[in-house]
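What follows is the residue order along each chain.
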Amino acid sequence: MATYIGAIDQGTTSSRFIVFDRTGRIVSVAQKEHEQIYPKPGWVEHDPAEIWRRLEEVISEAMEAKGLRPSDLAAIGITNQRETTVVWNKKTGQAVYNAIVWQDTRVADVLPHFAAHGGQDRYRTKTGLPLTTYFSGLKIRWVLENVPGARAAAEAGDLLFGNIDTFVIWHLSGGVNGGVHVTDVTNASRTQLMNLSTLQWDDEILADFGIPKKMLPEIRSSAEVYANATFAPVAGVPIAGDLGDQQAALFGQACFKPGEAKNTYGTGCFMLMNTGEKAVPSTCGLLTTVGYKIGEKPAVYALEGSIAITGALVQWLRDNLSIIEKSTDIEALARTVNDNGGVYFVPAFSGLYAPYWKDSARGVIAGLTRFVNKGHIARAVLEATAFQVREVVDAMEKDSGIALDNLRTDGGMTVNHLLMQFQSNILNKPVVRPVVLETTALGAAYAAGLAVGFFKDTDELVANWAEDHRWIPSMEQEKRDNLYHFWKKAVTRTFDWVE
Ligand code: G3P
């Protein structure tokens, strides 16, 4: 009998294959980065063929490393960077254009046209999302409008659209030789083309955006068998889970009750709160989205605060300014000073996401004096993450009417004690990290395991969750208020930069 579950985690900067045991512990893992392509300011692309190659490599590596055979895996779950848009030819398997990444702002110029009737929140009631550059719908439209021959081919039924989950499942289940074309409700809820109540594609929005329905995948639940894998190292294993990465982290953190929330610190930061079987509209700048749907059970919704740039700012400091050599060096550099020296760094590189949704904002470093050194900049970079999360937590508490006792965290940046302590200080709440930090991949594994009966129910998953570390607030209220006041002031300096 199979003893493990496999999870594909295809993120913004890298791809991983992780094999978990029944208790959620990692048995084997392999990871590879892929190229970030920046053709113009504000444009971000990935090569979909490279992503699939990297996945083939990491699956093979992780299976070989522990001598695993397909029969050792009960199922495979997929989790992915959300919104990133791929359009490919179903006969050749070739993408007609690079994947347009969620952070890409190229559709900003058409937003006023679509917002002219009904404003930025024109599609909020149906989709839970404001009109902005973030979601997939307008990215698909861009491909159809700008890639020669794409519209005609799409209308002829030759092209398929997929977020990365769909693209991966299609390849994993045979590609041109019978690959299935499916997505799940969580990924579909980020296209701005799915109606949150019906969980189906919305004909009216498709007509507005000019997107032929025949290129869209079938929307399925997050935990069911979609197909069997055909890729040799995992051939025959059921592909049985599919969740966008932030929803997968909610699942992996076992936030199954309304009011339970998690915050993932990655390229960006994404806080999701389970709101149960009710889609709660936001009036404070959050998104309403699908949290998960287990098989035939009703969908569970979530409120989400999305922040585009957090960990990516540390990478920017490393790659664009060479102030640090490795991302992890930031903590030591930030510890060379006692405070931010009056500096605030607002990384509005892709505009501002929650709670502002301002596409025309651009980044600023505010409060510079000759006193400031690179230690202060490093500190301001870390604090930027914590301040942005505070803004989202404030909005979440207002929208949900629930005061969070503590903040459940995961993701790469949670290894940074300076950041986590500052996060706790600026929130005035305990910040908690679980033992298994790979909650995203774990969530996909859990969904797949539930679908094939490897796990009995969600109670079994809740029992797997264990606390690893807790940061307790230790800052005076006056200091907290003062820091947050200047952060808010710095944020206003980013507004309306692009004219
Ligand atoms: O919405 C974008 C999000 O899904 C990306 O997550 O972890 O790949 O940066 P990540």
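Calculation criteria
Here, residues in each chain are numbered from 1, in the same order as that chain's written sequence. Under the rules for a predicted model, residues below a pLDDT of 70 receive no local features and side-chain atom pairs below 80 are neither given nor counted, while totals for whole chains, interfaces and linings still include all residues. By convention in this description, side-chain values take in all heavy atoms of the structure and omit both hydrogens and water. The nearness test applies per residue and asks whether one of its heavy atoms lies within 4 Å of the molecule or strand. For this analysis, a polar contact is any N or O atom pair within 3.5 Å, provided that within protein one partner can donate a hydrogen and the other can accept it, and provided that sequence-adjacent residues contribute only side-chain to side-chain pairs. Reported accessibility uses the Shrake-Rupley method at a 1.4 Å probe radius. Residues are deemed covered only where the shown protein chains occlude them. Helix numbers and strand numbers start at the N terminus; a helix is a DSSP run of H or I with at least 4 residues, a strand a run of E with at least 2. Partly exposed describes any residue whose relative accessible area lies between the buried limit of under 20% and the exposed limit of over 50%, with all areas from a 1.4 Å probe on protein chains only and scaled to the type maximum. The criterion used for residue contact is that any of the two residues' heavy atoms lie within 4.5 Å. UniProt positions are given in the numbering used here, feature names are shortened, and annotations may be inferred rather than shown by experiment. Pairs of strands are assigned from DSSP output, requiring at least two bridges between the strands. Between the N-to-C directions of two axes lies an angle of 0 to 180 degrees, each axis being a line fitted to C-alpha atoms and, for a helix, fitted only over the stretch in contact. Helix span, as expected, comes to 1.5 Å for every residue beyond the first. Salt bridges are defined by distance alone: a side-chain nitrogen of Lys or Arg within 4 Å of a carboxyl oxygen of Asp or Glu. Side-chain rings of Phe, Tyr and Trp (the six-membered ring for Trp) are treated as a pair once their centres are within 6.5 Å; stacked means planes under 30 degrees apart, edge-to-face means over 60, and tilted covers the remaining angles. Either the NZ atom of lysine or the CZ atom of arginine qualifies as a charge over a ring when it sits within 6 Å of the ring centre and within 35 degrees of the ring normal.

On to the site of the ligand. Contacts to the ligand come from G11, T12, Q81, R82, E83, W102, Y134, D245, Q246, T267 and F270. In the environment of the ligand, an oxygen atom lies 2.6 Å from a nitrogen or oxygen atom belonging to the side chain of E83. Here the ligand, which alone exposes 310 Å², has 92% of that area covered by the protein.

Turning our eyes to something else, we now look at the side chain of Q423. Here Q423 shows up in helix α13 (residues 417-427). For Q423, a relative accessible area of 0% gives the class buried. If near-sequence neighbours (up to four positions away) are discounted, Q423 is found in contact with Y265, T385, A386, V389, R390, L407 and V431.

With that settled, consider the UniProt feature "binding site: ATP" (unreviewed entry) in the chain. Per the UniProt record, the feature "binding site: ATP" (unreviewed entry) sits at T12, T13, S14, T267, G311, Q315 and G412. With the annotated positions falling across 401 residues, the maximum pairwise C-alpha distance of 13.6 Å places them together in a single cluster. Tracing the backbone through its elements, the reader meets T13 in the loop between β1 (4-10) and β2 (14-20). By relative accessible area, which is 24% here, T13 ends up partly exposed.

The next point concerns the environment of A150. Mapping A150 onto the fold places it in helix α5 (residues 150-155). On the basis of relative accessibility, which here comes to 3%, the residue A150 falls in the buried class. Taking the C-alpha atoms as reference points, A150 and R190, 40 residues apart in sequence, are found 22 Å from one another. Filtering out sequence-adjacent residues up to four positions away, A150 remains in contact with V143, L144 and L159.

This brings us to the sheet that holds β1. In space, the six strands of this open sheet follow the order β3-β2-β1-β5-β14-β13, with mixed pairing throughout. Single-partner strands in this sheet number two, and they are β3 (26-33) and β13 (223-228). Taken over all neighbouring pairs, the strand axes of this sheet differ in orientation by 25° on average, direction set aside. Where β1 and β2 come together, six bridges link them in antiparallel fashion. Along β2, the bridge assignment pairs Q10 with S15.

Okay, the UniProt feature "binding site: ADP" (unreviewed entry) in the chain next. Here, the residues flagged by UniProt with the feature "binding site: ADP" (unreviewed entry) are T12, R16, T267, G311, G412 and N416. Its location among the elements puts R16 in strand β2. Beyond its immediate chain neighbours, meaning those up to four positions away, R16 contacts A7, I8, D9, A30, Q31, L55, V58 and E438. One polar contact links R16 to D9, side chain to side chain, over a distance of 2.8 Å.

With that out of the way, let us pick up helix α12 (residues 374-400). When the terminal C-alpha atoms of α12 are compared, their 39 Å separation across 27 residues agrees well with the 39 Å that a helix rising 1.5 Å per residue should span. Judged by how many residues are buried, α12 sits mostly within the fold: 22 of 27 residues are covered. The backbone nitrogen of G375 has a side-chain oxygen 2.8 Å away, supplied by the residue at the start of α12, namely N373. G401 sits one or two residues past α12 and shows a positive phi near 70°.

Next up on the list: unusual backbone geometry. Note the cis peptide between A354 and P355, where omega equals -5°. Looking at where P355 falls in the secondary structure, it is placed in the loop between β19 (344-346) and β20 (364-366). We note that E83 has phi near 70°; this positive angle belongs to a residue other than glycine. Position of E83 among the secondary structure elements: in the loop between β5 (73-80) and β6 (86-89).

Attention now moves to the side chain of R106. The residue R106 is located in the loop between β7 (99-100) and α2 (111-115) in this model. Side chain to side chain, R106 and E45 meet in a polar contact 2.9 Å long. Polar side-chain contacts of R106 include one of 2.7 Å to the side chain of D104. If sequence neighbours within four positions are ignored, R106 has contacts with G42, W43, V44, E45, Y97, I100 and W142.

What follows concerns the pattern of salt bridges. One pass over the full model with this rule turns up 34 salt bridges. We note a salt bridge from E45 to R106, for which the minimum N-O separation is 2.9 Å. With a gap of 61 residues between them, E45 in strand β4 (residues 45-46) and R106 in the loop between β7 and α2 connect regions that are remote in the sequence. By relative accessible area, E45 is classed as buried at 3%. Here R106 falls in the buried class, since its relative accessible area comes to 7%. Of the charged contacts in the structure, one is a salt bridge between D319 and R318, with a shortest N-O distance of 2.6 Å. Judged by its relative accessible area of 47%, D319 falls in the partly exposed class. Among the residues examined, R318 registers a relative accessible area of 26% and is labelled partly exposed. Residues participating in the shared-partner salt-bridge network are K32, E50, R54, E57 and E61.

Evaluated as defined, the whole model comprises 28 aromatic pairs. Ring plane angle 20° and centroid distance 5.1 Å describe the contact between F387 and W487, whose orientation is recorded as stacked. Taken together, the residues span a long stretch of sequence, with F387 in helix α12 and W487 in helix α16 (residues 477-492) at a distance of 100 residues. For F387, a relative accessible area of 1% translates into the label buried. Members of the aromatic cluster, joined through ring pairs, are W102, Y134, F135, F270, Y353 and W357. One residue, R106, lies across the ring of W43, its end atom 3.7 Å from the ring centre.

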